[in-house]
Amino acid sequence: MSVKFPVGKKFALCLTHDIDVLYTNQSALQLLRTGIKNAITFNIKGVMKSITKALHKTIEPDYHIHNILNAGKKYNAKSSFYFLSLTQGEQDFNYDPKEIKEVFELIENNDGEIGLHGGHMAYNNPAKIESEKTLLEYAANKKVNGYRNHYLKFQTPATWEFLNDAGFIYDTTFGYADNAGFRNGMCHPFQPYSLTRNGFLDIFELPLVIMDVTLWRYMKLSQAQQYALCTALIDTVADCNGVLTLLWHNTQMCGYEGELYGRILEYANAKNAWMTSAIEIVEHWKANKYHEAVNEIVLQLNSE
Ligand SMILES: [Zn+2]
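This structure is a prediction, so every number in the text was calculated from the model and none was measured.

Cut-off values and rules
Residues numbered from 1 in each chain as written. Predicted model: local features only at pLDDT ≥ 70, side-chain atom pairs only at ≥ 80, totals over all residues. Heavy atoms only, no water. Helix = DSSP H or I, 4+ residues; strand = E, 2+ residues; numbered from the N terminus. Buried < 20%, exposed > 50% of the residue type's maximum accessible area, 1.4 Å probe, protein only. Contact = heavy atoms within 4.5 Å. Axes fitted to C-alpha atoms, helices over the stretch in contact; angles between N-to-C directions. Parallel < 35°, antiparallel > 145°, perpendicular 65-115°, else oblique. Nonpolar A, V, L, I, M, F, W, Y, C, P; charged D, E, K, R; others polar. Donors = N, O, S within 2.8 Å, 3.2 Å for Na, K, Ca; no water. 1 Å grid on protein atoms, 1.4 Å probe; cavity = no way out; pocket = protein on both sides within 12 Å on 5 of 7 lines; lining within 4 Å. Points joined across faces, edges and corners; volume = space filled by probe spheres on them. Salt bridge = Lys/Arg side-chain N within 4 Å of Asp/Glu carboxyl O. Phe/Tyr/Trp six-rings, centres within 6.5 Å; stacked < 30°, edge-to-face > 60°. Polar contact = N/O pair within 3.5 Å; in protein donor to acceptor, adjacent residues only side chain to side chain.

With that settled, the discussion passes to the overall build of the protein. Helices and strands together make up the secondary structure of the protein, namely 11 helices and 11 strands. Within the protein, the proportion of its 304 residues that are buried is 50%. Summarising the internal contacts of the protein: among those between residues at least 6 apart in sequence, 77% fall at separations of at least 24.

In the contact formed by helix 3 (residues 65-73) and helix 4 (residues 101-109), the axes pass within 11 Å of each other and the chain directions differ by 0 degrees. Accordingly, the angle class assigned to the pair helix 3 and helix 4 is roughly parallel. In this structure, helix 3 uses Ile65, His66 and Leu69 to contact helix 4, whose residues at the interface are Val103, Leu106 and Ile107. Of the residues belonging to the contact of helix 3 with helix 4, the class tally is 5 nonpolar, 1 polar and no charged.

This part covers the coordination of the zinc ion. Protein-derived coordination of the zinc ion comes from Asp20 (OD), His117 (NE2) and His150 (ND1), at a distance range of 2.1 to 2.2 Å. Residue His150 is classed as buried on the basis of its relative accessible area of 3%.

This part is about unusual backbone geometry. Residue Pro157 is bonded to the preceding Thr156 through a cis peptide linkage, with omega at -5 degrees. Counting through the fold element by element, Pro157 comes out in the loop between strand 4 (146-149) and helix 6 (158-165). For Asn76, which is not a glycine, the phi torsion comes out positive at approximately 55 degrees. Topologically, Asn76 is positioned in the loop between helix 3 and strand 2 (80-84). On the basis of relative accessibility, which here comes to 70%, the residue Asn76 falls in the exposed class. Non-glycine residue Lys289 carries a positive phi angle of around 55 degrees. Mapped onto the secondary structure, Lys289 falls in the loop between helix 10 (278-287) and helix 11 (290-303). Overall, the relative accessible area of 49% leaves Lys289 in the partly exposed class.

Let us look at the layout of surface pockets. If a probe as big as a water molecule is rolled over the atoms, it shows which places are left empty. Reported here for the largest pocket is a volume of approximately 400 Å³. Top contributing element to the lining of the largest pocket by residue count: helix 7 (residues 212-218), with 3 residues.

Moving on: the pattern of salt bridges. If you walk through the whole model with that rule in mind, you get 9 salt bridges. A salt bridge links Asp18 to Arg148; the shortest N-O distance between them is 2.8 Å. Of this pair, Asp18 sits in strand 1 (residues 11-19) while Arg148 sits in strand 4, placing them 130 residues apart in sequence. In terms of burial, Asp18 and Arg148 fall into one category: buried. Among the salt bridges present, the one from Lys271 reaches Asp235, with a minimum N-O distance of 3.1 Å.

The next subject is the packing of aromatic side chains. Going through the model one piece at a time under the given rule, you end up with 13 aromatic pairs. Ring centres 6.4 Å apart and planes at 80 degrees place the aromatic pair Tyr227 and Tyr267 in the edge-to-face group. A residue pair is termed long-range when its members are at least 10 positions apart, and Tyr227 in helix 8 (residues 223-239) and Tyr267 in helix 9 (residues 255-270) qualify at 40 residues. We classify Tyr227 as partly exposed; its relative accessible area is 22%. Consider the rings of Trp285 and Tyr290, whose centres lie 4.9 Å apart with planes at 65 degrees: the pair is edge-to-face. According to the relative accessible area criterion, Trp285 is buried, its value standing at 0%.

Here the focus is the side chain of Arg148. By relative accessible area, Arg148 is classed as buried at 0%. Side-chain polar atoms of Arg148 contact the side chain of Thr16, separated by 3.0 Å. From its side chain, Arg148 meets the backbone oxygen of Thr172 in a polar contact 2.7 Å long. Leave out the neighbours within four places in its chain, and Arg148 touches Thr16, Asp18, Tyr82, Leu116, His117, Gly118, Asp171, Thr172, Thr173, Leu208, Thr245 and Leu247.

So, in structure tokens, the structure goes:
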């Protein structure tokens, strides 16, 4: 199977970002300490600032989303952003999608994609998937096509079937949290086959290859090893004219981690990568009917 990418690019680097956190929570103790310090030094302005922060909890409303967009700009790269769509009181609730209009606008103005980051309870619950999708579509005022579940929670094949029925065009949850690499041995998008429905689902899977925190939190690699593994995986995918899906959280966009993200993009660009959002890759796949070629190979392998 021969895959071609737009404007003579050799492979694709799919840039994706799970937005777990938009508001940094300074602990009450921290705020109290700063407040007392300011009070002792008669810094009235400082005291007022501490009170305001405590009341609004807003420190950086876009929390490094600018950094992601800026890192991609010099390569004309586009990104997909997956937002939690939770309500107050739910596990890991951090922001109300109805209150972050300016974040959605920032992404839209930079040709980014807005997708759903399904919560802890969504992956095995079709009604929850539906309600989270409805809330996000209402808040962002647009149709949501892409999905990744929080903590990469996934149930094969049920999650695919639920997402398919909810009208998602693609999912990109399918990867290992504890190891970078190819969970299903493939670096090309594919349509999952449903044994219960006796056919391929309409939904596409873009397998997840590298998640940022996998490199240090799970695999505990040194900084040199992290970069070496990322470039080796890029080389492999480039050789196969494949798609490498990268998950970089907005919370990992400053300091060393932010620099590593920039170095990965720089390396991929030098290897002639098409760096773009997940939805653009799926649209390209569909337009060229590459999925049909993959499906034929799968059917052939199964009949042998
Ligand atoms: Zn998450």
